[in-house]
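Here is how the chains run, residue by residue.
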Amino acid sequence: MKDLKEQFEKFDLLPLSHSRINSYIEHKADFVAKYIYGNQMPSTPSMTRGNAVEMGLNHYLTGESEDRIIWKQEAVDFAINYFMDLKPFFTETVEEIEKELKVIKPMTELLIDKFDNGVLRTGPKTTTFKRHFNGYQNQISTKILGLDVIGFTDFTFEFEDEIIVIDVKTSSQFKLNYGHVLQQAIYKKALQEKSNKKVRVKLLMTTKSKCDFIDADFDDPKHLRYIEAHLKSLGALLSKCDSIEEISEIIKPDLGHWSWNRASKEKIAIRQNIWGF
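Only a predicted model underlies this, so the values are computations on that prediction, with no experimental measurement involved.

## A few points about the sheet that holds strand E6 (residues 162–170)
One open sheet holds the five strands; their spatial order is E2-E5-E6-E7-E8, and the pairing between them is mixed. Sheet topology places strand E2 (133–136) and strand E8 (211–214) at the edges, where each strand pairs with a single neighbour. When the angles between neighbouring strand axes are averaged without regard to direction, this sheet yields 25°. In this structure, strand E7 (residues 198–206) lies alongside E8, joined through four bridges in antiparallel fashion. Residue pairing for E8: Leu-204 is matched across the bridge by Phe-213. Across the sheet, helix H6 (residues 94–116) is in contact with strand E5 (155–158), E6, E7 and E8; its angle to E7 comes to roughly 145°.

## A word on the confidence of the model for the chain
Segments scoring low in pLDDT should not have their predicted coordinates read at a detailed level. Taken over all residues, the pLDDT of the chain has a mean of 92, while the share at 70 or more is 95%. Counted against residues more than four places away or in other chains, residues 121–127, with its pLDDT under 50, gives seven contacts.

## A word on the environment of Tyr-136
Within the secondary structure, Tyr-136 is located in strand E2. Accessibility expressed as a relative area gives 18% for Tyr-136, which makes it buried. Between the C-alpha atoms of Tyr-136 and Leu-111, which are 25 residues apart in sequence, the distance is 15 Å. Excluding residues that lie within four positions of it along the chain, Tyr-136 makes contacts with Glu-54, Met-55, Asn-58, Thr-153, Asp-154 and Phe-155. Only 2.7 Å separates the side chain of Tyr-136 from the side chain of Glu-54, close enough to count as a polar contact.

## Some thoughts on the pattern of salt bridges
Pairing of side chains with opposite charge becomes possible as their charged atoms draw close. On inspection of all chains with the given rule, the structure shows 13 salt bridges. Ionic pairing is found between Glu-162 and Arg-200, a salt bridge with its closest N-O pair at 3.0 Å. Separated by 38 residues along the polypeptide, Glu-162 in strand E6 and Arg-200 in strand E7 bring together distant segments of the chain. The shortest N-O distance in the salt bridge between Glu-193 and Lys-189 comes to 2.7 Å. Residue Glu-193 and its partner Lys-189 are both found in helix H8 (residues 178–194); the two are separated by four residues, about one turn of the helix. When its relative accessible area of 22% is taken as the criterion, Lys-189 is described as partly exposed.

## Things to note about empty space enclosed by the protein
Counting across every chain of the model gives two cavities of 30 Å³ or more. For the second largest cavity, the calculated volume is near 30 Å³. Surrounding the second largest cavity, Phe-8, Leu-16, Arg-20, Ile-21, Tyr-24, Phe-31, Leu-231 and Leu-234 form its lining. Those elements giving two or more residues to the lining of the second largest cavity turn out to be helix H2 (18–26) and helix H9 (222–239). For the lining of the second largest cavity, the leading source of residues is H2, giving three residues. Residues of the lining of the second largest cavity, tallied by class, amount to seven nonpolar, no polar and one charged.

Cut-offs used in this document
- Residue numbering note: each chain is counted from 1, following its sequence as written.
- pLDDT decides what is reported in this predicted model: residues at 70 or higher carry local features, side-chain atom pairs at 80 or more are listed and counted, and totals for whole chains, interfaces and linings draw on all residues regardless.
- Hydrogens and water are ignored here; the side-chain numbers use all heavy atoms of the structure.
- Two strands are said to pair when DSSP picks up at least two bridges between them.
- Working definition: helices are DSSP H or I runs of at least four residues, strands are E runs of at least two. Numbering for both runs from the N terminus.
- Note on definitions: angles span 0 to 180 degrees between N-to-C directions of axes, and those axes are lines fitted to C-alpha atoms, for helices only across the stretch in contact.
- Pairs of residues are marked as contacts when any of their non-hydrogen atoms sit within 4.5 Å.
- The pLDDT value tells you how sure the predictor is about a given residue, anywhere from 0 up to 100.
- Partly exposed residues are those whose accessible area sits between 20% and 50% of the maximum for their type, while under 20% is buried and over 50% is exposed, using a 1.4 Å probe and protein chains only.
- Within 3.5 Å is the distance limit for a polar contact, defined as a pair of N or O atoms, with the added protein rule that one can donate a hydrogen and the other accept it, and that residues adjacent in sequence qualify only through two side-chain atoms.
- Criterion for a salt bridge: a side-chain nitrogen of Lys or Arg within 4 Å of a carboxyl oxygen of Asp or Glu.
- A cavity, in this analysis, means grid points on a 1 Å lattice covering only the protein atoms where a 1.4 Å probe fits yet has no way out; a pocket is instead an open set bounded by protein on both sides within 12 Å along at least five of seven lines, and a residue lines either one if it has an atom within 4 Å of a point.
- Grid points are joined across faces, edges and corners, and a volume is the space filled by probe spheres set on the points.
- Classification used: nonpolar for Ala, Val, Leu, Ile, Met, Phe, Trp, Tyr, Cys and Pro, charged for Asp, Glu, Lys and Arg, polar for all others including Gly.

In C-alpha cells form, the structure reads like this:
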C-alpha cells in the first residue's frame, strides 16, 4: 500500500476527527456521502437536542446568578431556546420534533443536579466550578499512524495536579456505545501528550429519567489499536481508488438499516444522487 497519509490527502480527509473515524467504522455509506462526496448531512431533532442540553449545562457552569433556582431555570430556558431557534429547519414530523423538545428540560435539570452534587471533588459546590472550569469545546489535537486528528472536548476542569474532562452524552437509552469509548481514548491521548498532569476522562450519560457516569476502561490500549486497524482498512480502500465514484461503487447503503430506512427527505435525495436508489 502507498503512503497512508498520501491516500487520505488524495481525498481531502485530513485532519481526521472522532466523528469522521467513527462514521467509517459504524456507518460507511454515511461516511462516503458526507466525507468523500462532501454533502452536508442534515441535522436531526435528536442531534440538536443533545447540543441544546450541553449548551444549557455550559450556560449554568458559566452563569452569574447567585440564586441557584433562577440560575438553573435560566440554563433550561437557554437550552430550550437553542432548540427552538433551529426547529424551523427540521423536516421530521411534528411528533418526532416534539418528542425531543419535551426531554430537554428533564435532561438539563438532571445534569445540573449531578454537577451540583459533586461530580468532581468535595468542596464548595459553586466555587469548585467557578475556580476550576476550564472551558467547553476546547480543541485538542494528536496524531494516529502519523495522521492528524483533532477534536473538541465537552467540559474541561483543571486542578493543580490533574485535568478532568467530562464528556456528556444524551440518549433515549442508558447504554454505552463503543464509539463513545473510542472518543474518550483519543481525547485522553491528546491531552496527556500536552500536559504533565494526570488526565482523567469521564463519560456522563443522561436520559430523561437517569443521569450517571458510565464505567469504561479508557486506558486499554486496544482502543487505539482498534482505531489504527480501521484507518489502515480505509487507507487500503483509498489506495485502490482514483475517484470518488470508484469508492461509492465499493461501499453501498444498507436500506435495511434504520439510518437509511428512516432517513430524512434530504438524506434520501443525497443517497439517490450518489447511488441511484
